[in-house]
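Chain residues, written in single-letter form:
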Amino acid sequence: MRNRRKFHDFSPDVSMPSITREHIASYVQIWLLDFSGFFCSFVANMDRKTFFENELLRCTDVVNRGGVIAYPTDTVWGIGCDSSDSGAVEKVFAIKRRSDAKALISLVADEEMLEAVVGPLSAEVRELVRSDRPTTVIFERPRGLAPEMLAADGSAAIRITREPFSQQLCRQLGRPLVSTSANVSGEPTPARFSDISGEILDAVDYVAGYGRDDAEPHAPSRIVKIAAGGELVFIRK
């Protein structure tokens, strides 16, 4: 009959070190420090998310009521309103002291929203709007925009924004959002929030709190016009 080893035969030859109260206290302290760091990070992330969402709600409410906002975009800070609201668009022209002969740019959240305004995109235009670089495209005969948004030839400038705040704002509105630099016409374009004049900030109905601390300077987008026959003409590279 095969011999069976007793349970105690499997015990290690070396003795286990004793765990003192000091060891336990040390382990607990390390655990508490790790948990405290995780909890503070969790709360900070929740605070940022809540702040982001609250600012979106405020901006959406102002725009839906025909107001004008200052907000961050994928390029420079912009002045914006509902692109389909003639009265709001006229307010933007007045704030900028700009002739309505100069058409404004609209932002959309994605290709689906863009095609709802301009129709199916050609392969060349689709490749262009998918570029990592912010690109404004001038389309012929868009639908659903206020007449004041159109140039003399009936065209309009539209850009897909991938900046989180302006993109989500367009999604919540469900329609294009005016985007023009936050400055009086003829004055330098502000590269960051701190460069925006008090005159502009006082003139709009609401200034988004999100993005104000972004110190990185930004530049305007490139602009491309779809000419007759579908040729792409670069107006600003």
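These numbers come from a predicted model, not from an experiment. (Residues numbered from 1 in each chain as written. Predicted model: local features only at pLDDT ≥ 70, side-chain atom pairs only at ≥ 80, totals over all residues. Heavy atoms only, no water.)

**Considering the sheet that holds strand β5 (residues 156–160)**
Spelled out, the test is: In this analysis, strands are considered paired if DSSP registers two or more bridges between them. Helix numbering and strand numbering both begin at the N terminus, where a helix is a DSSP run of H or I of at least 4 residues and a strand a DSSP run of E of at least 2. Note on contacts: a residue pair is in contact if any heavy atoms of the two residues lie within 4.5 Å. Here the axes come from fitting lines to C-alpha atoms, over the contacting stretch only for helices, and the angles between their N-to-C directions go from 0 to 180 degrees.
Ordered by their spatial adjacency, nine strands build an open sheet running β7-β1-β2-β6-β3-β5-β4-β8-β9, and the pairing between neighbours is mixed. Sheet topology places β7 (206–207) and β9 (232–236) at the edges, where each strand pairs with a single neighbour. In this structure, strand β1 (residues 69–71) lies alongside β7, joined through two bridges in parallel fashion. For Ala70, the partnering residue across the bridge sits in β7 and is Val207. Sheet strands touched by helix α2 (residues 86–96): β2 (78–80) and β6 (177–181). Its angle to β6, the strand with the most contacts, is close to 5 degrees. Against the sheet, helix α5 (residues 164–173) engages β1, β3 (105–108) and β6, with an angle of about 140 degrees to β1.

**Side note on unusual backbone geometry**
As a reminder of what qualifies: Between buried and exposed lies partly exposed: a residue is buried under 20% and exposed over 50% of the maximum accessible area for its type, with that area taken using a 1.4 Å probe on protein chains only.
Even without a glycine there, the phi angle at Arg97 is positive, about 55 degrees. Tracing the chain through its elements places Arg97 in the loop between α2 and β3. Overall, the relative accessible area of 53% leaves Arg97 in the exposed class. One non-glycine residue, Arg141, adopts positive backbone phi at about 50 degrees. Looking at where Arg141 falls in the secondary structure, it is placed in the loop between β4 (135–139) and β5. Judged by its relative accessible area of 63%, Arg141 falls in the exposed class.

**Some thoughts on the pattern of salt bridges**
What counts here: Criterion for a salt bridge: a side-chain nitrogen of Lys or Arg within 4 Å of a carboxyl oxygen of Asp or Glu.
Evaluation of the coordinates by the stated rule reveals twelve salt bridges. A salt bridge links Arg97 to Glu199; the nearest nitrogen and oxygen atoms lie 2.7 Å apart. Taken together, the positions of Arg97 in the loop between α2 and β3 and Glu199 in helix α6 (residues 198–203) put the pair 102 residues apart, joining distant regions of the chain.

**Some remarks on the packing of aromatic side chains**
To keep it simple, the criterion reads: Note on ring pairs: Phe, Tyr and Trp rings are taken, using the six-membered ring of Trp, and paired if centres are within 6.5 Å. Classes follow the plane angle, with under 30 degrees stacked, over 60 edge-to-face and the rest tilted.
One pass over the structure, following the stated rule, counts four aromatic pairs. Plain terms: the ring middles of Phe52 and Phe165 are 5.6 Å apart, the flat faces sit at 90 degrees to each other, and that makes the pair edge-to-face. With Phe52 in helix α1 (residues 21–64) and Phe165 in helix α5, this pair connects stretches of sequence that are 113 residues apart. Residues Phe52 and Phe165 agree in their burial class; the two are buried. Ring plane angle 85 degrees and centroid distance 5.0 Å describe the contact between Phe52 and Tyr210, whose orientation is recorded as edge-to-face. Of the two residues, Phe52 sits in helix α1 while Tyr210 sits in the loop between β7 and β8 (222–226), which places them 158 residues apart along the sequence. The exposure class of Phe52 is buried, given its relative accessible area of 18%. Members of the aromatic cluster, joined through ring pairs, are Phe52, Phe165 and Tyr210.

**Details of the confidence of the model for the protein**
The line we're drawing: Per residue, pLDDT captures the predictor's confidence, and it can take any value from 0 to 100.
For the protein, per-residue confidence averages 86 on the pLDDT scale, and 81% of positions sit at 70 or higher. Model confidence for the protein, summarised as mean pLDDT per element, is weakest for α1 at 71 and strongest for β3 at 98. Below a pLDDT of 50 lies the segment residues 39–44, which in the model reaches zero contacts outside its immediate sequence neighbourhood of four places, other chains included.

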